[in-house]
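Understanding the architecture of this molecule
Single-letter residue listing:
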Amino acid sequence: MAVLATAAGMTRQVRLLASVVVAPNRETTLLARQAASIDAISNGRLTLGLGLGARPGDYAATGSSFATRGLRFDEQLERLRAIWRGEGVAEDGRSVGPSPARPGGPELLIGGYVDAVVRRVVAWGDGFMAPGGGDPGRMAELWARTVSAWADAGREGRPRWVAGSYFALGPDAGRAARAYVEEAYGHDPELAARRLRGVPTTPSGVLELVERQAAQGVDELVLRPCSDDPDEVDRLAELVPSAGSRSPNRVRD
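Since the structure is predicted, the reported quantities are computational estimates derived from the model, not experimental observations.

**Considerations on the packing of aromatic side chains**
We describe a pair of aromatic rings using the distance from one ring centre to the other and the angle between the two ring planes. Under the counting rule described, the total for this entry stands at 5 aromatic pairs. Summarising the aromatic geometry, the rings of Tyr166 and Tyr180 are spaced 5.2 Å apart at their centres and angled 55° between planes, so their arrangement reads as tilted. Here Tyr166 is found in strand β5 (residues 160-167), whereas its partner Tyr180 is found in helix α7 (residues 173-185), with 14 residues between them in sequence. Judged by relative accessible area, Tyr180 falls into the partly exposed class, the value being 29%. Among the aromatic residues, those joined into a cluster by ring pairs are Phe128, Trp143 and Trp161. Directly above the ring of Phe66 sits Arg69, whose terminal nitrogen or CZ lies 3.8 Å from the centroid. Across the ring face of Trp150, the terminal group of Arg155 is positioned such that the distance to the ring centre comes to 3.9 Å.

What follows is the structure, encoded as structure tokens:
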């Protein structure tokens with residue numbers, strides 16, 4: 001959130017995306033205030049992705065319960081929306097503010113791969129976030145159920161589907177991918193292995209990923225480098241025009 005605030009102050013047009021914040025191990029009112037502040041100073045450019053997270057250590061570090069994170073998340077989502085609407089939450093009935101630029105709060109994407117995602121998107125969100133890829137069949141199923149439930153609930157328009165994937169390019173792509181995945185997901189060897197299998201490490205692999213996501217109906221694909229080498233952005237940029245020319249969907253690095 002601190003980095004997003006810095007980016008908001010240094011830019012004027014680029015959108016800002018948190019993908020995703022592990023909400024249940026954060027204090028709800030503080031999270032609401034931080035998000036509203038960033039949305040306000042960026043003139044409504046914030047998209048806030050929220051999810052449960054998969055690492056017990058994240059919760060142990062903050063003294064939060066990993067076992068009850070789903071229940072806490074539901075309570076948080078309802079309260080976040082109330083705070084952003086300006087409804088009184090302080091003891092004297094005053095809003096804890098500040099007011100976000102976007103009425104009702106920043107664009108809110110719900111991340112995850114469980115059935116409850118559908119209910120949460122329809123009740124409190126603006127769209128679905130698949131931050132780390134996931135099984136394509138499972139993602140398509142969740143998306144279809146989300147669109148159907150959205151319509152059944154009488155919500156206007158349609159939800160937005162934003163997907164994300166890691167990538168690595170260049171001469172050390174395989175090593176960079178393994179090192180990054182091990183650092184992020186090494187607590188769960190099975191999960192780390194699944195994540196690593198989904199990381200493209202060649203130009204053709206990246207293009208195949210982009211085209212597969214576009215074919216599924218993803219509105220926007222966020223590509224995250226596994227290396228802090230600035231050349232990774234240039235390598236990706238060389239591929240984006242050819243990917244974008246074959247799909248109306250947006251590709252973003």
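What follows picks up the thread again.
**Overview of α7**
Taking 1.5 Å as the rise per residue, α7 with 13 residues should run 18 Å; its terminal C-alpha atoms sit 18 Å apart, in good agreement. Within the span of α7, buried status applies to Ala173, Ala176, Ala177, Val181, Ala184 and Tyr185. Projected down its long axis, α7 carries its buried residues within an arc of 120°, all on one side. Along α7, exposed side chains directed more than 90 degrees from the buried face belong to Glu182 and Glu183. Structurally, α7 contributes buried residues whose contacts are with β5 and α8 (189-197).

The rules behind the values
- Residue positions are counted from 1 within each chain, in the order its sequence is given.
- Owing to the predicted nature of the model, reporting of local features is limited to residues with pLDDT of at least 70; listing and counting of side-chain atom pairs is limited to 80 or more, with chain, interface and lining totals taken over all residues.
- Hydrogens are left out, water is left out, and the side-chain values use all remaining heavy atoms of the structure.
- Stacked, edge-to-face and tilted labels apply to pairs of Phe, Tyr and Trp rings (six-membered ring for Trp) whose centres lie within 6.5 Å, assigned for plane angles under 30 degrees, over 60, and everything in between, in that order.
- Only DSSP runs of H or I with at least four residues qualify as helices, and only runs of E with at least two residues qualify as strands; both kinds are numbered from the N terminus onward.
- Accessibility here uses a 1.4 Å probe with only protein chains present; expressed as a share of the type maximum, an area under 20% marks a residue as buried, one over 50% as exposed, and anything in between as partly exposed.
- We call a charge positioned above a ring when the Lys NZ or Arg CZ atom is no farther than 6 Å from the ring centre and deviates by at most 35 degrees from the ring normal.
- By definition here, a helix of n residues has an expected span of 1.5 Å times n minus one.
- As used here, the arc is the angular range of directions from the helix axis to the C-beta atoms.
- A contact between two residues is defined here by any heavy atoms of the two lying within 4.5 Å.

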